[in-house]
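In case you want the letters, here they are:
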Amino acid sequence: MSDPGDPVLGALRPWLDPAARGGRGVLLAVSGGPDSSALLYAAAALRDAGPVAVQVATVDHGLRPGSKAEAEGVGRAARDLGLTHALLTWAGAKPGTGLQDAARTARYALLAAQAAAIGAGLVLTGHTQDDQAETVLMRLAAGSGLAGLAGMRAERTLAAGLSLGRPFLHLPKATLVAWCEERGIAYVRDPANGNPRFARGRLREAWPVLEREGLTPARLARLAERAARDEAALRSAAKQALDRTGRPGPGAGTGLRLDGAALAVLPDAVVLRCLDLALTRAGAAPRRLERLEALVLESLLPALRRREPIRRTLAGFLVSADSGGAVSLAPAPPRRSRGAGAALAAGAPELLGKGEPPAYIGDVCTDGPEQPRGMSVLGVARAKD
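This structure is a prediction, so every number in the text was calculated from the model and none was measured. (Residues numbered from 1 in each chain as written. Predicted model: local features only at pLDDT ≥ 70, side-chain atom pairs only at ≥ 80, totals over all residues. Heavy atoms only, no water.)

## As for the sheet that holds strand E6 (residues 162-165)
The mixed open sheet is built from six strands, whose spatial order is E3-E2-E1-E4-E6-E5. Each edge of the sheet is formed by a strand with only one pairing partner; in this case those strands are strand E3 (85-89) and strand E5 (155-159). Each strand of the sheet is rotated relative to its neighbour by a mean of 30°, with strand direction disregarded. Set on the sheet, helix H3 (residues 67-80) makes contact with strand E2 (54-60) and E3; between it and E3 the angle comes to about 165°. Across the sheet, helix H4 (residues 99-118) lies against strand E1 (25-29), E2, E3, strand E4 (120-124), E5 and E6, angled at about 150° from E2, the strand it touches most. (Pairing = 2+ DSSP bridges. Helix = DSSP H or I, 4+ residues; strand = E, 2+ residues; numbered from the N terminus. Axes fitted to C-alpha atoms, helices over the stretch in contact; angles between N-to-C directions. Contact = heavy atoms within 4.5 Å.)

Structural data, given as structure tokens:
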């Protein structure tokens, strides 16, 4: 199992480098499926290379009969390999809708808590190129922008001082399945993965048709890489623009002021991201891309270019511009109770994006727990479960 040409071991090895992790431990999230089983056995095989301390955790969501027995089976396999294992249980009532989203949120919260308890600085999962392709396809179907089409990141922040890593994100699932089968490693298959009740199950049924048309997981993963690269460039330009044009409001806790004349000459895509960053910096709530686009492209930029005043609200903030081009972001005053004309005053749903699945812009993927403070939402509707 220590073949230097092994793609699975080669992918995992850098993530277990103690120099890269500051000596902090690593927690493996292992469900018992082929992808995470490969993660478990590959980590055990690399133990002699001197990696940081590795422990294992399995989350039992309690959503189907036999899930606890499967989690206990992972525990036995981990202990046979000489690795400490923790079984984490999602307790309490389960929602009737949005079940996979709720399960994902609970799973990452439990993993983050376990990592903190053992002093780990990194949680690793077994997500593959196929998972990435499904995420991109779902976000494409929901009308996401570049940030959502960038899919899952190979590494991102999970909590303060804790990262989430996906060492196999570039590997096809078939590679991990074959790796397990060649070594006689037993694994389980979650029947929910093919359940047409869930969007991912329906997408998996469609893969043969999509692949015949050339829409393969490898090409969708390549799209994610390109989208991530371009999004990073746009976000960098937006941050630089905000640093140049933004300054605090006139009083403590009064938001931000921006140079509208400087914004008006920037590309629309940069202004969108600049205002999004400004709203985040000012403390606004997460916002939908459609509503941000409606504000910036249909109202704010035209007003700035005509040097006309404007006042709009978004994500709990009042965004205004005066005739001189000064843009202000400040907490919106409390709303009055909604009367009979409130729906009309709020605008037509089709114009504000209220009738469609949400697409977001920002730095954080919705494939983990609820968003960290100080960051806006990225991605779309449902992310990887």
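## A word on the sheet that holds strand E10 (residues 317-321)
What the five strands build is an open sheet, ordered E7-E8-E11-E10-E9; its pairing is antiparallel. Pairing within the sheet leaves two strands with one partner each, and these edge strands are strand E7 (246-248) and strand E9 (310-314). Recorded for the sheet is a direction-independent mean angle of 20° between the axes of neighbouring strands. Packed onto the sheet, helix H9 (residues 217-245) meets E7 and strand E8 (256-259) and runs at close to 50° relative to E7. Contacts between helix H11 (residues 268-282) and the sheet are confined to E8, E9, E10 and strand E11 (326-331), with E8 contributing the most and set at about 160° to the helix.

## A few points about the environment of alanine 44
Examined against the element boundaries, alanine 44 turns out to sit in helix H2 (residues 34-45). The spacing of alanine 44 and leucine 81 is 37 residues in sequence and 6.4 Å in space, taken between C-alpha atoms. Beyond its immediate sequence surroundings of up to four residues, alanine 44 is in contact with Leu81 and Leu83.

## Comments concerning the packing of helix H5 (residues 129-141) against H9
Where H5 meets H9, the axes come as close as 8 Å, and the angle between the chain directions of the two elements is 70°. The angle between the axes of H5 and H9 places the two elements in the roughly perpendicular class. As H5 packs across H9, the resulting crossing turns out to be left-handed. Contacts between H5 and H9 involve Gln129, Asp130, Gln132, Ala133, Val136 and Leu137 from the former and Pro217, Ala218, Leu220, Ala221, Leu223 and Ala224 from the latter. The residue makeup of the contact of H5 with H9, split by class, is nine nonpolar, two polar and one charged. (Parallel < 35°, antiparallel > 145°, perpendicular 65-115°, else oblique. Left-handed = near helix turned anticlockwise from the far one by under 90°. Nonpolar A, V, L, I, M, F, W, Y, C, P; charged D, E, K, R; others polar.)

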